[in-house]
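Listed below are the residues making up each chain.
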Amino acid sequence: MRTVRMPLRGSAKLAWTQVEYLGQETLRGLQRGGWMNWAAISTVTVLLFLFGISLQTSWQVSGLLQQMGSNVQISLYLIPEADGEVVQGTVGQFPGVANVEIVPKEQAWQGLLADLGAADIEGVTEGLGENPLVDELVVRARSVGAVPQLVSSLARVPGVDSVSYLDEALQHLADLNQGLSRVSWAVVSLLTLTAIAVITTTIRLIVIARHQEIEVMQLVGATHTWIYLPFLLQGLAFGLGGAALAWVFLVATRQFAQHLLTRQPNFLQTLAHGLQLQPGQALLLPIILLTFGSLVGLSGSLLAVRRFSLR
Amino acid sequence: MTQAPLRQSVIETILQESQTPTSPTKEHAYSVQLRGVNKVFLQTQFRLQNIHLNVRQGEFLFITGPSGSGKSTLLKLIYGEERADQGEVRVEGQNVGGLRGNRLSMLRRRLGVVFQDYKLISRWTVAENVSFVLRSQGIPRDEVERRLQPTLRLVGLGNKANCLPCQLSGGEQQRASIARAIVGSPRLLLADEPTGNLDHDNAMQVLGILKKLNELGITVMITTHDLYLIERGQARVAHLNQGRLEVLSSEQVTPCEP
Ligand SMILES: Nc1ncnc2c1ncn2[C@@H]1O[C@H](COP(=O)(O)OP(=O)(O)O)[C@@H](O)[C@H]1O
Ligand SMILES: [Mg+2]
């Protein structure tokens, strides 16, 4: 009724009034919060920083894995008497195997010599008496995770002399990544609950400090939304503030790490390259942090006002 | 009351604004109606029994009764802070007991309440306490500014806008709470013992303000146990005693009543 009565110059003005009021009330709430604001914001910052680190690490590790060749390649060396094609047929039946190729020993030998830079192939071969290599099968696994099991079962295939895969390091990295992500999942869940609890407490304290105002507001006809929305916005502000800080810290640490690595020898420089996020990920990271932060902030403040506003 | 013409014009503008045809309730003969209202507080075993009361639009009504007789409770039933156990409470035809949430808020915007304990926010200046009503109803800042000064002048606090409640005398605090009750240009004003803590001069000043508002068309209900005020008020009186309400005319009130 009041909204009808006042001289309206378009609903834009009304909307602006509301935005202005809500902004002002939110600020007032933040002023009232004092040091509790920092408790709330820093908890969110710690949460989102750790969350961001683990997300970023998992991206970087999978980036590294890709960079170093994601198709893990297993080499099977056959005993001299084995028939390469028969073994190839057997190995091809394994469920984890994507494909199998034969590298005949002649081809392998030539490749090796070429790698060694020997121009006179025949000369070298003569010197050794004969080609010292055996036939080799190159197996590509369907997934990195399937490799260790595949390796042990391939070693038992008749005709196979030995099995090796050069990417064991990658495998360890993938395992480590998986383990880490499990730990960080647990830590992040725990911290999420903590952050929500801190925000709930902060906002509830402010609500209690302002209960006199809230009571009078109710008695003079302010709606529940009008009364409690500033508190929700305050929770949102905690979430967004924490997310922004966490993102700043993340970017700073990443750049610091890269800075350190680029002054190192070549091998580590490759690593520095791997630390770089892809453009999509660099954009996604702050978005995810802000979303996560606002969800945490909103749920904290909703919990804080729920009890009061449902009356 | 030296500024009477000015005050009158201010209130008239405020009132004209409130008489919009878009008002959700139809024009109603009765501002307030209570029909067979029962209310029991179990903890204190206090009860209001079978209260009937009709208050016409534009009426000025006293509600008297000894302390603890339920005067404040009766007003709370009207502005929806308490709910009747039985019976109906209607404000301009609208059943208050059935209102919840935002609809109750909208009803409260149409009434002004002067609380017995003022309920001024001690950290805020008079201006903030008064304008806060309009701000919390979503009224733009310039409109709030436009209404604030005239309202403060009306209650004689034009020069105390920036004082905190603790810097005001009792009478000034009371008038600040009246200003807050009328700044939203209500059609019904409920004043709970508005002269209870005031000396004679201040009490008369407050009565004068309330009478003036009434002359301008606002329905006014005042609770009081000040018999002198009732005598001066020249209005209908409803008397609460032992949980029952008895409607008297002002002539029936005799100074020897408890
Ligand atoms: N919320 C409540 N719960 C229990 N008892 C109440 C409550 N409010 C008021 N009372 C009781 O109701 C009676 C009337 O109170 P009130 O309406 O404030 O009287 P008055 O305003 O006439 O002095 C008192 O005895 C008081 O103790
Ligand atoms: Mg009372």
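Predicted, not measured: the structure shown is a model, and the values here were computed from it. Within each chain, residues carry numbers counting from 1 in the order of the written sequence. Chain letters and ligand numbers both follow the written order, the letters beginning at A and the numbers at 1. Residue-level local features of this predicted model are given only where pLDDT is at least 70; pairs of side-chain atoms are given and counted only at 80 or more, and the full residue set underlies all totals for whole chains, interfaces and linings. Heavy atoms throughout the structure, all of them, feed into the side-chain values; hydrogens and water do not.

Here's the deal with the overall build of chain A
A run of DSSP states H or I qualifies as a helix once it reaches four residues; a run of E qualifies as a strand once it reaches two. Both are numbered from the N-terminal end. Counting its regular elements, chain A contains 12 helices and 4 strands. Working definition: with a 1.4 Å probe on protein chains only, accessible area under 20% of the residue-type maximum means buried, over 50% means exposed, and in between means partly exposed. Each of the 311 residues in chain A was classed as buried or not, and the buried ones make up 41%. Taking contacts inside chain A between residues at least 6 apart in sequence as the whole, the part at least 24 apart equals 82%. Approximately 16800 Å² of chain A is accessible, and the part contributed by carbon and sulfur atoms is 64%. Working rule for contacts: check all heavy atoms of both residues, and any pair within 4.5 Å makes them a contact. Surface accessibility follows the Shrake-Rupley procedure with a 1.4 Å probe radius. Residue values consider only the protein chains on display as shielding.

Regarding the side chain of Gln234(A)
Within the element layout of this structure, Gln234(A) appears in helix α10 (residues 224-262). Leave out the neighbours within four places in its chain, and Gln234(A) touches Thr26(A), Gly29(A), Leu30(A), Asn37(A), Ile203(A) and Ile206(A).

Quick notes on the site of ligand 1
All names here are of chain B. We call a residue near a molecule or strand when any one of its heavy atoms sits within 4 Å of it. What surrounds ligand 1 is a group of 13 residues, the closest being Thr 44, Gly 68, Lys 71, Ser 72 and Thr 73. Identification of polar contacts relies on pairs of N or O atoms within 3.5 Å, with a donor-acceptor requirement for protein atoms, meaning one able to donate a hydrogen and the other able to accept it, and with residues adjacent in sequence counted only if both atoms are side-chain atoms. Within the contact set of ligand 1, a nitrogen atom lies 2.8 Å away from a side-chain nitrogen or oxygen of Thr 44. Between Gly 68 and ligand 1, the recorded distance is 2.7 Å, taken from a backbone N or O atom to an oxygen atom. Contact with the protein chains covers 69% of the free accessible surface of ligand 1, which is 560 Å². Here the shell around ligand 1 gets 3 residues from one element, more than from any other, and that element is helix α2 (residues 71-79). The residue classification treats Ala, Val, Leu, Ile, Met, Phe, Trp, Tyr, Cys and Pro as nonpolar and Asp, Glu, Lys and Arg as charged. All others, Gly included, are polar. Here the residues of the shell around ligand 1 are counted per class, giving 3 nonpolar, 8 polar and 2 charged.

A word on the coordination of the magnesium ion (ligand 2)
All names here are of chain B. Each metal site is built from N, O and S donor atoms within 2.8 Å (3.2 Å for Na, K and Ca), and since water is not included, such sites may look incomplete. For the magnesium ion (ligand 2), the protein coordination sphere consists of Ser 72 (OG) and Gln 116 (OE1), at 2.0 to 2.3 Å. With a gap of 44 residues between them, Ser 72 in helix α2 and Gln 116 in the loop between β6 (111-114) and α4 (126-135) connect regions that are remote in the sequence. The class of Ser 72 is buried, set by a relative accessible area of 18%.

Details of the nonpolar core
For the purposes of this section, nonpolar cores are sets of buried Ala, Val, Leu, Ile, Met, Phe, Trp, Tyr and Cys residues that join through side-chain atoms within 4.5 Å. Core analysis: the biggest nonpolar cluster contains 85 residues, and Leu48(A), Phe62(B), Leu189(B) and Leu210(B) have the highest contact counts within it. Take this core: its biggest share by element is 9 residues, from α10(A). Excluding its chain neighbours within four sequence positions, the residues that come into contact with Leu189(B) are Gly112(B), Val114(B), Ala181(B), Ile182(B), Leu210(B), Leu213(B), Ile218(B), Thr219(B), Val220(B) and Met221(B). Grouped together as the second largest cluster of nonpolar side chains are 31 residues, Leu74(B), Ile78(B), Leu107(B) and Met221(B) included.

A word on the sheet that holds strand β1 (residues 73-78) of chain A
Residue and element names in this part refer to chain A. In this description, strands pair whenever DSSP reports at least two bridges between them. Strands sit in the order β2-β3-β1-β4 across an open sheet of 4 strands; the sheet is antiparallel. Of all the strands in the sheet, the pair left with one neighbour each is β2 (97-103) and β4 (160-165). Each strand axis lies, on average, 20° off the axis of its neighbour in the sheet, ignoring direction. Only C-alpha atoms enter the line fits that serve as axes; for helices the fit covers just the stretch in contact. Angles between N-to-C directions range over 0 to 180 degrees.

Describing unusual backbone geometry
Backbone phi values are negative for most residues with the exception of glycine, while trans is the configuration of most peptide bonds. We note that Gln45(B) has phi near 55°; this positive angle belongs to a residue other than glycine. For Gln45(B), the position within the fold is in the loop between β1 (30-41) and β2 (46-56).

As for the pairing of strand β9 (residues 236-241) of chain B
All names here are of chain B. Pairing between strand β3 (residues 60-64) and β9: 4 bridges, direction parallel. Bridging from a neighbouring strand, Ile 63 pairs with Ala 238 of β9. The sheet contact formed by β9 and strand β10 (residues 244-248) spans 5 bridges and is antiparallel. Considered in β10, the bridge of Ala 238 is made with Val 247. The hairpin formed by β9 and β10 contains 2 residues between the paired strands, and Gln 242 there has a positive phi angle of roughly 50°.

What about a nonpolar patch on the surface?
All names here are of chain A. Patch construction takes residues with relative accessible area above 30% that form no salt bridge. Like charges are linked within 9 Å, and nonpolar side chains (Val, Leu, Ile, Met, Phe, Trp, Tyr) are linked within 5 Å. Salt bridges are counted wherever a side-chain nitrogen of Lys or Arg sits within 4 Å of a carboxyl oxygen of Asp or Glu. On the surface, Trp 38, Leu 245, Trp 247, Val 248 and Phe 249 cluster together into a nonpolar patch covering about 510 Å² of accessible area. Counting residues per element, the nonpolar patch draws most heavily on α10, which supplies 4 residues. Tracing the chain through its elements places Val 248 in helix α10. Looking at Val 248, the relative accessible area reads 46%, which means it is partly exposed.

Section: the packing of α4(B) against helix α6 (residues 170-182) of chain B
All names here are of chain B. Interaxial distance between α4 and α6 falls to 8 Å at its minimum, and their mutual angle equals 25°. Taken as axis vectors, α4 and α6 run roughly parallel relative to one another. Two packed elements cross with a definite hand, and for α4 against α6 that hand is right-handed. Of the residues in α6, those touching α4 at Val 126, Asn 129, Val 130 and Val 133 are Ala 176, Ala 179 and Arg 180. Counted by class, the contact of α4 with α6 contains 5 nonpolar, 1 polar and 1 charged residues. Throughout this description, any angle smaller than 35 degrees is read as roughly parallel, any larger than 145 degrees as roughly antiparallel, any in the 65 to 115 degree range as roughly perpendicular, and the remainder as oblique. Take the far helix as your reference; a near helix turned counterclockwise from it by less than a right angle gives a left-handed crossing, and one turned clockwise gives a right-handed crossing.

Considerations on the sheet that holds β1(B)
Residue and element names in this part refer to chain B. In space, the 4 strands of this open sheet follow the order β2-β1-β4-β5, with antiparallel pairing throughout. Where the open sheet ends on each side, the last strands, each with one partner, are β2 and β5 (94-95). Relative to strand β4 (residues 86-91), β1 is paired through 5 bridges, and the arrangement is antiparallel. Bridge pairing links Val 32 to Val 91 in β4.

The values are spatial; any link to function lies outside them.
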